[in-house]
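What follows is the residue order along each chain.
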Amino acid sequence: MKHLNLAALTLLFAGSIAAAQTPGRLLVLHRGWEVQSSAEVTAAPEVVSRLGFSTAGWLPVTVPSTAFNAEVVNHRVPDPDYGINLRQAPGVEYKIGRNFTHDEIPADSPYAAPWWFRTEFSLPAADAHKTIWLDFHGINYRANIWLNGHEIATQKQARGTFRRFEFNVTGVAHAGRNALAVEVYAPRERDLAITFVDWNPMPPDKDMGLWQKVFIRTSGPVAIRHAWVRTKLDLPSLNVAHLTVSATLVNATGHTQRGALRGSAAGHRFERVITLAPHSSQIVSVPIEVRHPALWWPNGMGQPTLHPLRLTFSIGGKLSDHSSQMFGMDEITARKNAQGSEQFYINGQKVFVRGGGWTPDMLLRDGPAKWTNDFRYARLLGLNTIRLEGKLSDDAFFNLADRYGILIMAGWCCCDHWEEWPRWKSDEGLISTESLHDQAQRLRGHASVLVWLDGSDNPPPAHVEEAYLDVLHQLDWPKPILSSASAKPAQFSGASGVKMTGPYSYVPPVYWLADPEHGGARGFNTETSPGAAIPPIASLKRFIPPDHLWTSQGPNDPYWLFHAGSGNFTTLNRYLKPLEARYGPITNLQDFEWKSQATAYAGERAMFEAFGRRQGEATGIIQWMLDNGWPSLIWHLYDYYLRPGAGFYGVERANESLHIQYSKFDRAISVVNHTLRRSPGLNATAIVADLAGRTIYTHSAPVQVGPESDADLWTLPPFPGTVFLELKLLSAKGKLVSRNFYWLSNKPDVLNQKAGTWFYTPESQYADFTALDHLPRAHVVTYAAIFKGSDHKNVRVVNKGSTVALLVHLQVVNSKTGRELLPVWWQDNYISLLPGESETIAVDFLVAQLHGAAPALRVDGWNLGAQR
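## Topic: the overall build of the protein
Part 1 of the argument: A tally of helices and strands in the protein yields 14 helices and 47 strands.
Part 2 of the argument: At 28 Å, the protein has a C-alpha radius of gyration in line with the 29 Å of a compact globule built from 868 residues.
Part 3 of the argument: Each principal axis of the C-alpha distribution contributes one length, and for the protein these read about 85 × 65 × 60 Å.
Part 4 of the argument: The buried share of the protein, reckoned over its 868 residues, is 63%.
Part 5 of the argument: Look at the contacts in the protein between residues 6 or more apart in sequence, and 72% of them connect residues 24 or more apart.
Part 6 of the argument: Counting every atom, the protein has about 30,600 Å² of accessible surface; 52% of that belongs to carbon and sulfur.
Part 7 of the argument: Averaging the locations of the 81 positively and 80 negatively charged side chains of the protein gives two centres separated by 5 Å.

Printed below as a string of structure tokens:
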């Protein structure tokens with residue numbers, strides 16, 4: 001076996017390679033891979049990695065992929081998302097609800113041994129005399145890498161889930177066919193790997209595999225790497241943007257190289273002559289001044305304008321490498337407000353952070369198509385932020401965040417070895433800083449990145465925090481840094497200015513303004529939620545077997561609870577008790593569904609409304625979570641199948657730019673302005689109707705509300721029994737600006753603060769909505785004739801009856817199959833209408849999903865009779 005001189009291979013930390021970048025030639029090694037357990041392979045690694053090696057019996061797969069995913073897509077194991085199939089998969093021996101990261105993979109598991117990932121690829125003859133680079137953007141967790149029978153790196157060198165590796169394989173790779181083989185080892189119990197904490201289980205292989213892109217790229221003698229642009233503004237003035245364009249030039253040869261770096265950024269051109277010593281790298285920075293810049297703004301504050309950055313390096317007039325990407329001009333800062341809470345600023349403007357926690361698919365199978373839907377949903381929800389807890393995805397994810405104007409809170413994960421600092425060995429400290437280096441190096445140039453968090457539930461100890469801060473300082477990190485997502489102070493950075501006080505289980509809508517110290521609407525809550533999020537029945541049917549869909553145990557059936565959370569969240573009891581106390585006993589699946597949707601709508605809306613009303617004192621809220629990594633009964637605003645439930649539209653309603661709302665805490669009617677503009681000349685109206693649909697109260701008042709603030713209007717008087725409240729906000733010209741609808745009880749929810757825990761606060765008394773069980777059937781008519789001929793549609797919903805139409809749910813379906821089109825972007829849904837009222841709702845969907853059929857509209861609701 002011939003060993004290469006690894007020093008000559010030049011192992012580099014790879015940086016930001018955006019999807020649009022094409023330095024030299026880029027060949028993404030996506031298709032044509034095959035995988036097999038090393039326990040089934042007797043050949044030596046140098047044989048496996050040579051052309052002609054037989055892979056008979058291996059599993060075909062595309063990369064990115066994990067080992068377990070390869071078995072899933074090849075139907076070697078049943079769908080792990082369905083029923084309790086995951087419990088029956090080989091190697092799943094950990095206790096239900098336990099965090100698998102704290103256990104070793106069992107010795108008899110098929111994933112205890114490493115797995116081979118092998119592919120063959122071709123390089124054109126034109127690349128024969130170029131420098132050839134082999135890049136890995138994500139290996140979980142360690143690997144031996146072989147190319148054409150040569151060892152490129154050992155598992156001691158290629159290790160760390162969040163490391164990025166680049167190897168100069170010139171002389172090993174060649175024109176024509178090449179063979180690449182990667183022997184991947186799963187994370188051990190004490191590795192700094194990927195973890196799903198309590199929102200979904202871990203797969204049996206702990207997601208071992210090539211979880212991000214692998215590619216070959218070529219260059220001349222000098223390569224361009226890690227290009228990015230830093231922006232500084234003369235705040236508060238926005239008239240001039242001072243840009244610093246930076247890139248690293250890498251001389252891959254043993255000779256001095258002299259050439260010209262040319263570039264353009266936002267239309268401004270520059271040139272520098274650079275001399276590079278043999279086998280060296282040099283950071284080159286060029287200042288540019290842009291007058292009257294088109295800045296990047298997050299959702300709700302302006303346009304997320306992006307500009308091109310193009311770089312070339314030429315030697316003797318011959319192109320050596322080139323790079324192209326998009327960047328946004330923004331400056332993000334943070335400081336504590338009067339209450340000590342972290343307040344973020346974008347281009348000098350205060351931003352009230354409204355977001356959700358994001359997770360990838362459990363088997364890391366998602367990609368740009370799914371992520372595009374995530375960002376479109378986030379915008380529709382009125383969110384401006386997504387929080388990542390240790391799930392630092394592909395560059396395409398962050399490119400989409402830039403494009404859609406969604407801020408990203410990035411950082412490490414809790415509840416695993418990333419926060420078990422006393423147990424770290426010296427090499428783990430090195431892996432942690434190398435991982436931070438590689439991630440921060442690519443993230444620093446993204447306009448969308450809001451902040452870096454060194455920890456999640458806990459700040460790192462002094463020596464780790466100092467090491468992290470040193471890395472970020474060396475990289476000229478331009479964004480704020482938080483020691484953790486919790487309020488625990490750190491040695492160097494002190495108070496974080498944020499809190500992570502829950503709740504995570506059910507709390508009533510009154511909680512968010514009534515709670516004085518935990519999750520209430522104060523400060524910056526980095527993760528919080530009103531608890532369970534029961535998907536619509538159509539989704540339940542996709543992952544719960546028919547014989548378990550509704551049994552005598554109801555939602556306490558073990559097949560249901562397997563899709564709840566882990567730890568303290570393996571049960572729905574804290575949700576079911578108040579659900580039945582407030583809405584009455586559950587009689588069947590449809591009854592449970594509608595009561596759950598009503599609960600989600602009111603609960604999610606109340607949380608965002610409370611934080612909006614207190615913006616200024618409250619500086620941010622992150623709903624835990626935005627999505628799910630597998631079919632789940634908890635913590636999402638839209639489910640695993642991209643199907644929004646009622647909670648989604650409660651949040652969408654609460655986050656309107658100008659929003660009229662009611663608080664059950666103090667019966668106040670108020671208007672919240674999330675925009676940067678003052679809004680005078682508005683008029684607010686409240687209408688109260690009884691269960692029969694008769695109006696029993698009306699009141700109107702003029703409104704003026706300043707930018708990023710709220711205005712309390714008047715207090716609603718109490719009413720007996722259960723009533724409906726409709727609020728409308730009209731412009732000076734009488735145009736509808738905001739509409740909101742509540743069902744109210746004269747019996748209030750009362751919190752039992754003394755019995756509260758870190759994840760929820762129980763109640764000593766429940767509101768009474770049991771009368772809604774007897775609401776007369778509504779007569780609703782829809783008009784959707786304009787479905788023909790356009791992706792953008794409108795549906796008009798009219799309540800022609802004499803009673804309230806509650807939670808009218810609209811679905812676009814394939815007229816031939818009856819299957820709902822997903823994803824779907826409704827302007828509003830789960831709407832409620834007083835007698836005689838109507839609402840016209842815009843909807844967008846992908847016509848390609850119809851496969852030539854016509855779209856149709858399906859309607860159901862609380863009292864429409866279709867599912868009740």
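## Observations concerning helix α12 (residues 573-583)
Part 1 of the argument: Regarding α12, the residues found buried are Arg-574, Tyr-575, Leu-576, Pro-578, Leu-579, Arg-582 and Tyr-583.
Part 2 of the argument: Among the structural elements, α13 (589-613), β38 (736-745) and β40 (763-765) are those in contact with the buried residues of α12.
Part 3 of the argument: Count one or two residues on from α12 and you reach Gly-584, which has phi positive near 100°.

## Some words on the packing of aromatic side chains
Aromatic ring pairs: the centre-centre distance and the angle between the two ring planes describe each pair.
Part 1 of the argument: Following the criterion strictly, the structure yields 45 aromatic pairs and no others.
Part 2 of the argument: When the ring of Phe-569 is compared with that of Trp-635, the centres are 4.8 Å apart and the planes differ by 65°; the resulting orientation is edge-to-face. Placement of Phe-569 in the loop between α11 (558-561) and α12 and of Trp-635 in the loop between β31 (618-623) and α14 (646-654) is noted, with a sequence separation of 66 residues between them.
Part 3 of the argument: The class for Trp-635 is buried, based on a relative accessible area of 1%.
Part 4 of the argument: Over the aromatic face of Tyr-742 sits the side chain of Arg-605, whose NZ or CZ is 3.8 Å from the ring centroid.

## As for the pairing of strand β18 (residues 268-276)
Part 1 of the argument: With 9 bridges connecting them, strand β17 (residues 257-265) and β18 associate as antiparallel partners. Within β18, the residue paired with Gly-263 across the bridge is Phe-270.
Part 2 of the argument: Between β17 and β18, which pair antiparallel and follow one another directly, the connecting turn spans 2 residues, one of which, Ala-266, has a positive phi of 50°.

## A short note on α13
Part 1 of the argument: Over its 25 residues, α13 extends 36 Å from the first C-alpha to the last, a length consistent with the 36 Å expected when each residue adds 1.5 Å.
Part 2 of the argument: Burial runs high along α13: 24 of the 25 residues are buried.

## Description of the pairing of strand β21 (residues 318-327)
Part 1 of the argument: As defined by bridge partners, strand β20 (residues 307-315) adjoins β21 across 9 bridges and the pair is classed as antiparallel. Bridging across to β21, Pro-308 finds its partner in Met-326.
Part 2 of the argument: With antiparallel pairing between neighbouring strands as the criterion, β20 and β21 make up a hairpin whose turn holds 2 residues, including Gly-316 at a positive phi of roughly 60°.

## Quick word on the state of the cysteines
Part 1 of the argument: Going through the model one piece at a time under the given rule, you end up with 0 disulfides.
Part 2 of the argument: Of all cysteine sulfurs, the one in Cys-414 lies closest to Cys-413, which takes part in no disulfide; the gap is 4.9 Å.
Part 3 of the argument: Judged by its relative accessible area of 1%, Cys-413 falls in the buried class.
Part 4 of the argument: Here Cys-414 falls in the buried class, since its relative accessible area comes to 5%.

## Considering the sheet that holds strand β33 (residues 668-673)
Through backbone hydrogen bonds, the strands of a sheet pair up, either in parallel or in antiparallel fashion.
Part 1 of the argument: Ordered by their spatial adjacency, 3 strands build an open sheet running β32-β33-β36, and the pairing between neighbours is antiparallel. Each edge of the open sheet carries a strand with a single partner, namely β32 (658-662) and β36 (709-715). Strand-to-strand twist of the sheet, defined as the mean angle between neighbouring strand axes without regard to direction, takes the value 20°.
Part 2 of the argument: Where β32 meets β33, 5 bridges bridge the pair, whose relative direction is antiparallel. Looking across to β33, one finds that Tyr-662 is bridged to Ile-669.

## Overview of the environment of Ala-70
Part 1 of the argument: For Ala-70, the position within the fold is in helix α3 (residues 67-73).
Part 2 of the argument: Residue classification places Ala-70 among the buried residues on the basis of a relative accessible area of 0%.
Part 3 of the argument: It is 6.6 Å that separates the C-alpha atoms of Ala-70 and Leu-59, two residues lying 11 residues apart in sequence.
Part 4 of the argument: Filtering out sequence-adjacent residues up to four positions away, Ala-70 remains in contact with Val-35, Leu-59, Val-61 and Ser-65.

## A closer look at the sheet that holds strand β24 (residues 349-351)
Part 1 of the argument: With antiparallel pairing, the 3 strands of this open sheet are ordered in space as β22-β23-β24. Whereas interior strands pair on both sides, the edge strands pair on one side only; in this sheet they are β22 (332-336) and β24. Pairs of neighbouring strands in the sheet enclose a mean axial angle of 40°, with direction left out of account.
Part 2 of the argument: The sheet contact formed by β22 and strand β23 (residues 342-346) spans 5 bridges and is antiparallel. Within β23, the residue paired with Lys-336 across the bridge is Glu-342.

## Re the nonpolar core
Part 1 of the argument: In this structure, Phe-136, Ile-145, Leu-180, Leu-210, Phe-375 and Trp-743 are the most contacted members of the largest nonpolar core, which totals 232 residues.
Part 2 of the argument: Counting residues per element, this core draws most heavily on α13, which supplies 11 residues.
Part 3 of the argument: Residues in contact with Ile-145, not counting those within four places in the same chain, are Leu-134, Phe-136, Ile-139, His-150, Glu-151, Ile-152, Ala-153, Ala-158, Phe-167, Leu-180, Ala-181 and Val-182.
Part 4 of the argument: One finds Leu-658, Val-705, Val-723 and Leu-725 within the second-largest nonpolar core, a separate group that totals 23 residues.

## A look at the environment of Arg-365
Part 1 of the argument: For Arg-365, the position within the fold is in the loop between β25 (353-358) and α4 (368-380).
Part 2 of the argument: The exposure class assigned to Arg-365 is partly exposed, which follows from its relative accessible area of 32%.
Part 3 of the argument: A C-alpha to C-alpha distance of 7.6 Å links Arg-365 and Pro-64, two positions 301 residues apart in sequence.
Part 4 of the argument: Ignoring any residue separated from it by four or fewer positions in sequence, one finds Arg-365 in contact with Asn-69, Val-72, Asp-81 and Tyr-640.
Part 5 of the argument: Within the local environment of Arg-365, its side chain forms a polar contact with the side chain of Asp-81, the two groups lying 3.1 Å apart.
Part 6 of the argument: In this structure the side chain of Arg-365 is engaged in a polar contact, spanning 2.8 Å, whose partner is the side chain of Asp-361.

## A few points about the side chain of Ser-632
Part 1 of the argument: Summarising the element assignment, Ser-632 is placed in the loop between β31 and α14.
Part 2 of the argument: For Ser-632, the side chain forms a polar contact with the main-chain nitrogen of Ile-634, separated by 3.1 Å.
Part 3 of the argument: When near neighbours in sequence (up to four residues on either side) are disregarded, Ser-632 contacts Trp-199, Ala-533, Pro-535, Phe-543 and His-563.

## Brief notes about the confidence of the model for the protein
Do not read the fine detail of predicted coordinates wherever pLDDT is low.
Part 1 of the argument: In this model, the protein carries an average pLDDT of 93, and 95% of its residues clear a pLDDT of 70 or more.
Part 2 of the argument: The model gives residues 1-23 a pLDDT under 50, and that stretch makes 76 contacts with residues more than four places away or in other chains.

## Observations regarding the pattern of salt bridges
Part 1 of the argument: Within the structure shown, the criterion is met by 45 salt bridges.
Part 2 of the argument: Residue Arg-582 is joined to Asp-749 by a salt bridge in which the shortest nitrogen-to-oxygen separation is 2.8 Å. Placement of Arg-582 in helix α12 and of Asp-749 in the loop between β38 and β39 (750-751) is noted, with a sequence separation of 167 residues between them.
Part 3 of the argument: Among the residues examined, Arg-582 registers a relative accessible area of 3% and is labelled buried.
Part 4 of the argument: The exposure class assigned to Asp-749 is buried, which follows from its relative accessible area of 11%.
Part 5 of the argument: A salt bridge links Asp-690 to Arg-694; the shortest N-O distance between them is 3.1 Å.
Part 6 of the argument: Residue class for Asp-690 comes out buried when judged on its relative accessible area of 13%.
Part 7 of the argument: Residue class for Arg-694 comes out exposed when judged on its relative accessible area of 55%.

## Points about unusual backbone geometry
Part 1 of the argument: With an omega dihedral of 10°, the bond running from Leu-235 to Pro-236 counts as a cis peptide bond.
Part 2 of the argument: Here Pro-236 is to be found in the loop between β15 (222-233) and β16 (240-251).
Part 3 of the argument: Cis geometry is adopted by the peptide bond preceding Pro-823, which originates at Leu-822 and carries an omega value of 0°.
Part 4 of the argument: Inspection of the secondary structure puts Pro-823 in the loop between β43 (805-814) and β44 (824-826).
Part 5 of the argument: Here Asn-148, not a glycine, exhibits a phi torsion of approximately 50°, which is positive.
Part 6 of the argument: As for its position among the elements, Asn-148 is in the loop between β9 (142-147) and β10 (150-159).
Part 7 of the argument: The phi torsion at Tyr-830 lies on the positive side, around 50°, for a residue other than glycine.
Part 8 of the argument: Note on Tyr-830: relative accessible area 2%, which makes it buried.

Rules of the game
Residues numbered from 1 in each chain as written. Predicted model: local features only at pLDDT ≥ 70, side-chain atom pairs only at ≥ 80, totals over all residues. Heavy atoms only, no water. Helix = DSSP H or I, 4+ residues; strand = E, 2+ residues; numbered from the N terminus. Rg over C-alpha atoms; globule rule 2.2 N^0.38 Å. Buried < 20%, exposed > 50% of the residue type's maximum accessible area, 1.4 Å probe, protein only. Contact = heavy atoms within 4.5 Å. Areas by Shrake-Rupley, 256 points an atom, 1.4 Å probe, with all protein chains shown as cover. Lys, Arg positive; Asp, Glu negative; His and termini not counted. Charge placed at Lys NZ, Arg CZ, Asp CG, Glu CD. Phe/Tyr/Trp six-rings, centres within 6.5 Å; stacked < 30°, edge-to-face > 60°. Lys NZ or Arg CZ within 6 Å of the ring centre and 35° of its normal. Pairing = 2+ DSSP bridges. Expected span 1.5 Å × (residues − 1). Disulfide = S-S within 2.5 Å. Axes fitted to C-alpha atoms, helices over the stretch in contact; angles between N-to-C directions. Core = buried A, V, L, I, M, F, W, Y, C linked by side-chain atoms within 4.5 Å. Polar contact = N/O pair within 3.5 Å; in protein donor to acceptor, adjacent residues only side chain to side chain. pLDDT = per-residue confidence, 0-100. Salt bridge = Lys/Arg side-chain N within 4 Å of Asp/Glu carboxyl O.

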